[in-house]
Amino acid sequence: MPTLLDWDPKRKYRGRWWPADKPELSYPGTLRFRKRNPRLTVRSPLIGQEVFELGQCPTIHGQLENGEKVTLWDLNKGFLEHSNKPTKDGASKHGRRFTYAILGDHLPGYSASLIRRSAHRIHDLHEWSRVETPVPRGLPPEELPQYEAVTLSGLHSDEFDTAYTVTVTIEYPMRVETNERFPNGGIMDHPGDDVRVVFESTPPAPARFHELLVFDLQALLTFSYQSGAPVLGEWFQLNDPSPYLPVIREDDYNGVITRHRDATQMILSAGHAAPATIFAAWWKLVDELFPATQVIVMYHHGSRGVLEGSTTSAIAAAEHLHGLLGHTKTRFPDGFLESRLAPLLAVFPGTENGGFRQFLREAMKNNRPTLHTRLTELVSLVTPARMELAGFSDEAWIAGVKAVRDKLAHTGSHIDRRDGASSRLLDHVNLQTRAVVALLVLRQMDLSDQVLDRSAKVLADSFRWLPPLEDENL
């Protein structure tokens, strides 16, 4: 496997820097990273204002002391911050934050740069993509079994005028190998340290398009882990045969500290279904089941916020899924309520009943199934047996949702004051509903019953830390 040039986010990179369109305005400076967020500090003479040109352009070019070229993109319209701290030689210091730092070339602006391939390494991707079928140790690369690539069309077509076709490939996954010492297999020469997912765009697409692709990939892995999936490394390749250029940018992941998981702790991985099948299903369902996948993923990807808000979102996602997947679309047959409206209105004649008649007209338009019906039909889709595997009963889930749903919807809170029992109930309803939504999403991927049962057992782990409810009916 090739050794890719990469950024070291712990290093300081010294060089000279200038506006992309004004190479004559060159200043010495240092590029640093904090939480993958690039920050450039430059030095300039005390006399002269030319340095402030560095704060007025979205693209900065640089050349490091070792001769490597660098491109910096700022998407947030940052400015050059002057430092009042004096330097030893009396020079002025100025700093600016950037969104992207790209090593190895001078690229045009963010929107003008067209990228053929982007490669991404993400937390625990090596475990997620592990090839379970053992191979003899020492096989040449061309003889190693590879995951089938998948080609997707129509992705994010609402944001771009060009229709892009994307081929998704997994490169350098973790592999199980065998030899005389380990006839049953072990992780030896292919630990997956260099594993990456590669998006190849036809035609080449702007960086924004590739941002959306990796965001969707992060979402898939976060869903699979039921935990965070921060980005560990990224690369751009503009065209063949140009090299991959290391990219570093701030990851929008700001969830709780994530932990390492192996495939047995994931509700979905390449060992449970072919990655090509998973990728195709995921990019289809993120649109078709919107916002169900987003509600599940953002709980782990970002700050979880207030528990009431998290629970409200989960219940709303479950109710929306019923509208997409459930059997009962209405409480009464079409035309039933309309046929009974006129006789009802005739019972209340006169001006004094005008407001009430209007109320009846509005009320008779409500033909939605009851909450209990919607929840019961979702249970039938998930199955009570699979919910038991996930660590809770269908009766407990339905009772819990009904106990908190209206209070959350109408008051924004589930309790009148702080109460340990009510808080525990909300914890249970939040996690149980998220498990139900996750299982419904997995069901739409056309996975086998065996895989779905296994996923449910993994979801049960999230309930082990919860204290039991005092009322077992809730």
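Everything below is about the structure printed above this text.
So, a few notes on the structure that sits alongside this text. Please read these numbers as outputs of a predicted model, since none were measured by experiment.

A count of helices and strands for the chain gives twelve helices and 16 strands. Its C-alpha atoms put the chain at 90 × 75 × 45 Å along the principal axes. Nonlocal contacts in the chain, meaning residues at least 24 apart in sequence, comprise 73% of its contacts between residues at least 6 apart. Summed over its atoms, the accessible surface of the chain is roughly 23,800 Å², and 52% of this surface lies on carbon and sulfur atoms. Across the chain, the centroid of the 53 positively charged side chains sits 6 Å from that of the 59 negatively charged ones.

So, about the packing of helix α5 (residues 307-325) against helix α8 (residues 371-382). One way to put it is that α5 packs onto α8 with a least axis distance of 10 Å and a crossing angle of 70 degrees. Looking at the two axes, α5 sits roughly perpendicular to α8. Across the interface between the two elements, Ala318, Glu319, Leu321, His322 and Leu325 from α5 touch Leu371, Arg374, Glu377, Leu378 and Leu381 from α8. A breakdown of the residues in the contact of α5 with α8 according to their chemical character gives six nonpolar, one polar and three charged.

Moving on to the pairing of strand β12 (residues 165-171). Here β12 shows one buried face, formed by Val166, Val168 and Ile170, and one open face, formed by Thr165, Thr167, Thr169 and Glu171. Where strand β11 (residues 150-153) lies against β12, four bridges are found, and the strand directions are antiparallel. When the sheet's bridge partners are listed, Ser153 is paired in β12 with Thr165. The sheet contact formed by β12 and strand β14 (residues 196-206) spans seven bridges and is antiparallel.

Another aspect to go through is the packing of aromatic side chains. Scanning all chains against the criterion turns up 17 aromatic pairs. Both rings, one in Trp7 and one in Phe33, keep their centres 5.2 Å apart while their planes meet at 65 degrees; by these two values the pair is edge-to-face. You can see Trp7 sitting in the segment before β1 (13-19) and its partner Phe33 sitting in strand β2 (residues 27-34), a full 26 residues away along the chain. Both residues of the pair, Trp7 and Phe33, count as buried. Grouped by ring-pair contacts, the aromatic residues Trp73, Tyr100, Tyr110 and Phe236 constitute a single cluster. Above the plane of the ring of Tyr13 lies Arg11, whose end atom (NZ or CZ) is 4.2 Å from the centre.

Turning next to the environment of Pro467. Note that Pro467 resides in the segment after α12 (449-459). When the C-alpha atoms of Pro467 and Asp427 are compared, they prove to be 9.4 Å apart, with 40 residues separating the residues in sequence. Leaving out residues up to four positions away in the same chain, Pro467 has contacts with Arg424 and His428.

Another point: α5. End to end, α5 covers 27 Å across 19 residues, agreeing with the expected 27 Å (1.5 Å per residue, within 8%). Considered for burial, the residues of α5 that qualify are Glu308, Ser310, Thr311, Ala314, Ile315, Ala317, Ala318, Glu319, Leu321, His322 and Leu325.

Let's shift gears to the packing of helix α4 (residues 292-301) against α5. At their nearest, the axes of α4 and α5 sit 9 Å apart, and the two run at 155 degrees to each other. One way to sum up the angle between α4 and α5 is to call them roughly antiparallel. Here α4 and α5 pass one another in a crossing that is left-handed. Between α4 and α5, the contacting residues are Ala292, Val295 and Tyr299 on the first element and Ser310, Ser313, Ala314, Ala317 and Leu321 on the second. Looking at the contact of α4 with α5, its residues break down into six nonpolar, two polar and no charged.

Procedures and definitions
- Residues numbered from 1 in each chain as written.
- Predicted model: local features only at pLDDT ≥ 70, side-chain atom pairs only at ≥ 80, totals over all residues.
- Heavy atoms only, no water.
- Helix = DSSP H or I, 4+ residues; strand = E, 2+ residues; numbered from the N terminus.
- Contact = heavy atoms within 4.5 Å.
- Areas by Shrake-Rupley, 256 points an atom, 1.4 Å probe, with all protein chains shown as cover.
- Lys, Arg positive; Asp, Glu negative; His and termini not counted.
- Charge placed at Lys NZ, Arg CZ, Asp CG, Glu CD.
- Axes fitted to C-alpha atoms, helices over the stretch in contact; angles between N-to-C directions.
- Parallel < 35°, antiparallel > 145°, perpendicular 65-115°, else oblique.
- Nonpolar A, V, L, I, M, F, W, Y, C, P; charged D, E, K, R; others polar.
- Buried < 20%, exposed > 50% of the residue type's maximum accessible area, 1.4 Å probe, protein only.
- Pairing = 2+ DSSP bridges.
- Phe/Tyr/Trp six-rings, centres within 6.5 Å; stacked < 30°, edge-to-face > 60°.
- Lys NZ or Arg CZ within 6 Å of the ring centre and 35° of its normal.
- Expected span 1.5 Å × (residues − 1).
- Left-handed = near helix turned anticlockwise from the far one by under 90°.

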